[in-house]
Amino acid sequence: MAPSRRDLQLTPLSGDTAAEIGAMEEVRLLDSYDDEEDSLSKIEEGVGGSGLRKIQVGVTGMTCAACSNSVEGALMSVNGVFKASVALLQNRADVLFDPNLVKEEDIKEAIEDAGFEAEILAEPVASGTKTQATLVGQFTIGGMTCAACVNSVEGILRDLPGVKRAVVALATSLGEVEYDPHVIGKDEIVTAIEDAGFEGSLVQSNQQDKLLLRVDGVLNELDAQVLEGILTRLNGVRQFRLDRITGELEVVFDPEVVSSRSLVDGIEGEGYGRFKLRVMSPYERLTSKDTGEASNMFRRFISSLSLSIPLFFIQVICPHIALFDTVLVWRCGPFMVGDWLKWALVSVIQFVIGKRFYVAAWRALRNGSTNMDVLVALGTSASYFYSVGALLYGAVTGFWSPTYFDASAMLITFVLLGKYLESLAKGKTSDAMKKLVQLTPATAILIEGKGEREIDALLIQPGDSLKVLPGGKIPADGVVVWGSSYVNESMVTGESVPVSKEVDSPVIGGTINMHGVLHIKATKVGSDAVLSQIISLVETAQMSKAPIQKFADYVASIFVPVVITLALFTLVGWSIGGAVGAYPDEWLPQNGTHFVFSLMFSISVVVIACPCALGLATPTAVMVATGVGATNGVLIKGGDALEKAHKVKYVIFDKTGTLTQGKATVTTAKIFSEMDRGEFLTLVASAEASSEHPLAKAIVEYARHFHFFDESAEDGDTSNKGSQNAGWLLDTTDFSALPGKGIQCLVNNKLILVGNRKLMSENSITIPDHVEKFVEELEESAKTGVIVAYSGQLVGVMGVADPLKREANVVVEGLLRMGVRPIMVTGDNWRTARAVAKEVGIEDVRAEVMPAGKAEVIRSLQKDGSTVAMVGDGINDSPALAAADVGMAIGAGTDVAIEAADYVLMRNNLEDVITAIDLSRKTLTRIRLNYVFAMAYNVVSIPIAAGVFFPILRVQLPPWAAGACMALSSVSVVCSSLLLRRYKKPRLTTILEITKE
């Protein structure tokens, strides 16, 4: 595309190049199908060489081979599916299909029609391949007012070819769309949103080869041409587009050829200082959009108000002032001056300022849906056009009926006021997200050789050496390579106490360096960084829909038709009542008719009804709760997790690393042979040195400390002791780790066994009674007894302890007071497990039986419909976290991307388990209260507006007052959700005061 004054774009890739890339994509696609190359080539020949896709589907409910056969049969019956393989034990189906013939949703529905639950799993990505089968784009969607709008947009997006998934959030005015970029592009998605009657634009995507820059220095056409020339000459730049008005430069580049930092440096260097570039964060657009929406509503409201005030004076004040009244009643043509003025002012309000209501209403009706805009347009139009008709009728017949121009104007004014207040309130719900975004560092000091320079923090690359000054933000995740300091990590982990950082200590981007100067080496940047993952998790949670929202979606789908029907019944009922004399004429307004009297009731019914409050009840509460959770170190992965966590009946705890500190230490080493202590410890440490088990590391450190009195060994890091290992550890051969038993190897050509009773029994090692008694004493004191045998004889026993976390007892008691039953599941020795459980206050202890382990215990508890939560470390306990109704990964630290968990608890502190459950309960209570507000408002207000109580109270609710009530109803719901911002997590001193709800 030729460059213009506003837009610049490089010529697209040539056909040959595109064909080569397409061929490469096809090869990568085929490579991802393991051991199926021959069959796939035959299949592709049969379908004209079109590309096939392979997905994994999670299938729930299969219990036997007949079930898996049923699922396979259902899948193979779908047109377009070429192969289906179902794994019963893994509860998974691998499906090979043609995306041109069948969609993922069709595959899921086929499994569900067969009587099973199905879920499309994340697609596997080939190792070393940067190409993505699908992209996830985040789009702003302007103009949505209620749940009906959300349903309409979601339906339109999901029907687009190439769209795999679409989720729209009313509270954030955002939509997340997963799409195949080879089938549909972002511009087509934006066009579909706009065709549906809304405003759309792309915020960000997970594409890694695009950079959005703010450019300063492009002042005229010559500057634009210079910039174009620079970009054209840079290797790796594929396309670019410059918006002269906003100063935004979008560059598409090949990351294999040029890095983002090299790209920026190249542009600034070639421009000889003419251009200054800054990388734009996608969240900047979100912040500006929130502010822009509120500002736009405020301008509309002020404009409408400025025209409504003269109307008020003409209608109410001027008739009491003789001079003004004389002017207003002066006839000018067929109408009086006052009528001309009111008609002119209201026409501007109705069709200029209120144009958005007509446009939005028409778009909704065109797409076969209805929303609040339809009600507002209908109500104001009825009032306006009746008033125009009354004027024209009076001019023709001489019979002048009262007009209601003021009702139309005031109605639009109050609706705009409500929308403005709603925009402000909705903006407050995202305050926590904005605070997280503000944590993102803007710049960093890059150390290059002996020099330093300041760069944009978004241009940091893994391996960069960075300097952090006192009081500055850590610019990226990394490790300290020089210096020492204390770092405030409270904004990320929720831990208020500053953490000491020395050489080799990990640091988290966005946290605050308190005192000394640090040099760090960047390890994780961009979307891999902890802060980015936290923001992503919170965004995903805020995009999700809680199951309780289905109620609001259903009500919204029928709400407007029901209201319009009630309005018609009101109009007809009051009109017929007047015609048959059911009420006296004294009730009519001056010069009014029964029809006018009935019409005002009908208009009030239309405008007072509000579906917006119902649509905002759940998403606003979820949005605030997820933000509050994030600021307290509790990351919630969605509204579904919140809803399930509030009704948890059982909490499953892993013992090691969850209830205990996970730092095993040797407390006892007793020798039952003639071997001296040093020889015994050397022998055991030599055997355990090749093991990665925590107990093995504890034994090696204990032996090293005995030999060298090395106090630094307490940190458990053996990586830097290699020189010492060579001097005192013995050579071993035939090492073997035996899961659930221990280890064995040869030392000096003699067999050494280190493990439990089962290992000794299998090797015919006799355990004397006094040794057995000693081991039992260790186990009863919550320690693990490690038995050592050498050359066929038992030589000693070591006791290893893992201390409990200080808060474990209080948290367990707090859960019991909340009506939640804690259960400990462990594969440790039964006596040790019982001792630990007794010490912490847990009465129910379950054995972890492999291979199913904790997951089998969880499934047994779920049989009666109970909701089960699992608390684990998020790595070794992933299967159990996935099996539980609510998975809580505790102590995740920098590893926040744990797919199996519903909650990620950043701190290694059990108090956050209480916080997660308590926050979920308060959130669900708030959601229910929001629904009560929304439903009660409509149930009470609609009868009042319809005049049900008029015969008793003689009070008629005018349309403008009805509009004010409608506007304030949604504001009240959002403000109710905002009260969750005052949430304070329970402390150790207050946990015991929690009672069962």
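Everything numeric in this text was worked out from a predicted model, so none of it was measured.

What counts, and where the lines are drawn
- Residues numbered from 1 in each chain as written.
- Predicted model: local features only at pLDDT ≥ 70, side-chain atom pairs only at ≥ 80, totals over all residues.
- Heavy atoms only, no water.
- Salt bridge = Lys/Arg side-chain N within 4 Å of Asp/Glu carboxyl O.
- Helix = DSSP H or I, 4+ residues; strand = E, 2+ residues; numbered from the N terminus.
- Buried < 20%, exposed > 50% of the residue type's maximum accessible area, 1.4 Å probe, protein only.
- Contact = heavy atoms within 4.5 Å.
- Pairing = 2+ DSSP bridges.
- Axes fitted to C-alpha atoms, helices over the stretch in contact; angles between N-to-C directions.
- UniProt positions renumbered as here; feature names shortened; annotations may be inferred.
- Phe/Tyr/Trp six-rings, centres within 6.5 Å; stacked < 30°, edge-to-face > 60°.

Peer 1: Can you help me understand the pattern of salt bridges in this one?
Peer 2: Any two side chains of opposite charge can pair, so long as their charged atoms come close to each other. Under the criterion given, the structure shown has 25 salt bridges. Here Arg274 makes a salt bridge to Asp223, at a shortest N to O gap of 3.3 Å. Remark: Asp223 occurs in helix H7 (residues 221–233) and Arg274 occurs in the loop between helix H8 (260–270) and strand E12 (276–279); sequence separation between them is 51 residues. On the basis of relative accessibility, which here comes to 39%, the residue Arg274 falls in the partly exposed class. For the salt bridge of Glu856 with Arg859, the shortest nitrogen-to-oxygen distance reads 3.8 Å. Of this pair, Glu856 and Arg859 are both found in helix H30 (residues 854–862), three residues apart, which corresponds to roughly one turn of the helix. For Arg859, a relative accessible area of 38% puts it in the partly exposed group.

Peer 1: Where do I start with the environment of Ala529 in this structure?
Peer 2: Among the secondary structure elements, Ala529 is positioned in the loop between strand E23 (518–524) and helix H17 (530–543). Sequence-wise, Ala529 and Gly509 are 20 residues apart; in three dimensions their C-alpha atoms are separated by 7.2 Å. Apart from the residues within four sequence positions on either side, Ala529 is in contact with Asp477 and Lys524.

Peer 1: Is there a simple way to explain helix H29 (residues 830–840) in this structure?
Peer 2: Residue pairs three or four apart in sequence face the same way in an α-helix, which turns once every 3.6 residues. Buried within H29 we find Thr832, Ala833, Ala835, Val836, Ala837 and Val840. Close packing links the buried residues of H29 with helix H22 (655–659), helix H27 (769–780), strand E30 (783–790), helix H28 (808–817), strand E32 (821–826) and strand E33 (844–847). A positive phi of about 100° marks Gly841, the residue just after H29.

Peer 1: Teacher, can you tell me more about the sheet that holds strand E11 (residues 248–253) here?
Peer 2: Backbone hydrogen bonds hold the strands of a sheet together, and the pairing may be parallel or antiparallel. The four strands lie next to each other as E10-E11-E9-E12, forming an open sheet whose pairing is antiparallel. Of all the strands in the sheet, the pair left with one neighbour each is strand E10 (237–243) and E12. For this sheet, the mean angle separating the axes of adjacent strands, direction not counted, is 30°. Across six bridges, E10 lies against E11 in antiparallel orientation. Paired with Gln239 across the two strands is Val252, which belongs to E11. The strands touched by H8 within the sheet are strand E9 (210–216), E10, E11 and E12, with E9 carrying the most contacts at an inclination of about 30°.

Peer 1: Can you help me understand the UniProt feature "transmembrane region" (unreviewed entry) in the protein chain in this one?
Peer 2: Here the UniProt-annotated "transmembrane region" (unreviewed entry) positions come out as residues 301–323, 343–362, 374–396, 402–421, 551–576, 596–617, 931–953 and 959–980. Across residues 402–421 one finds 85% helix and 0% strand; the C-alpha atoms that close the span lie 33 Å apart. Secondary structure within residues 959–980 divides into 91% helix and 0% strand; the distance between the first and last C-alpha atoms comes to 33 Å.

Peer 1: When you look at unusual backbone geometry in this model, what are you seeing that I'm missing?
Peer 2: Trans is the common state for peptide bonds, and a negative phi is the common state for residues other than glycine. Residue Asp734 is not a glycine yet carries a positive backbone phi of 55°. Structurally, Asp734 can be placed in strand E27 (residues 732–738). On the basis of relative accessibility, which here comes to 59%, the residue Asp734 falls in the exposed class. With a phi close to 55°, Ser791 is a non-glycine residue in the positive phi region. Within the fold, Ser791 resides in the loop between E30 and strand E31 (793–801). Overall, Ser791 belongs to the partly exposed group, its relative accessible area being 42%.

Peer 1: Before we go on, may I ask you to explain the packing of aromatic side chains in this structure?
Peer 2: Geometry of an aromatic ring pair is reported as the spacing of the ring centres plus the angle between the planes. Applying the stated criterion across every chain yields a total of 19 aromatic pairs. The interplanar angle of 80° and the centroid separation of 5.2 Å between the aromatic rings of Trp587 and Phe950 together place this pair among those described as edge-to-face. Note that Trp587 is positioned in the loop between helix H18 (549–579) and helix H19 (594–608) and Phe950 in helix H33 (residues 950–953), a separation of 363 residues in sequence. Across the pair, exposure class does not vary: Trp587 and Phe950 are buried alike.

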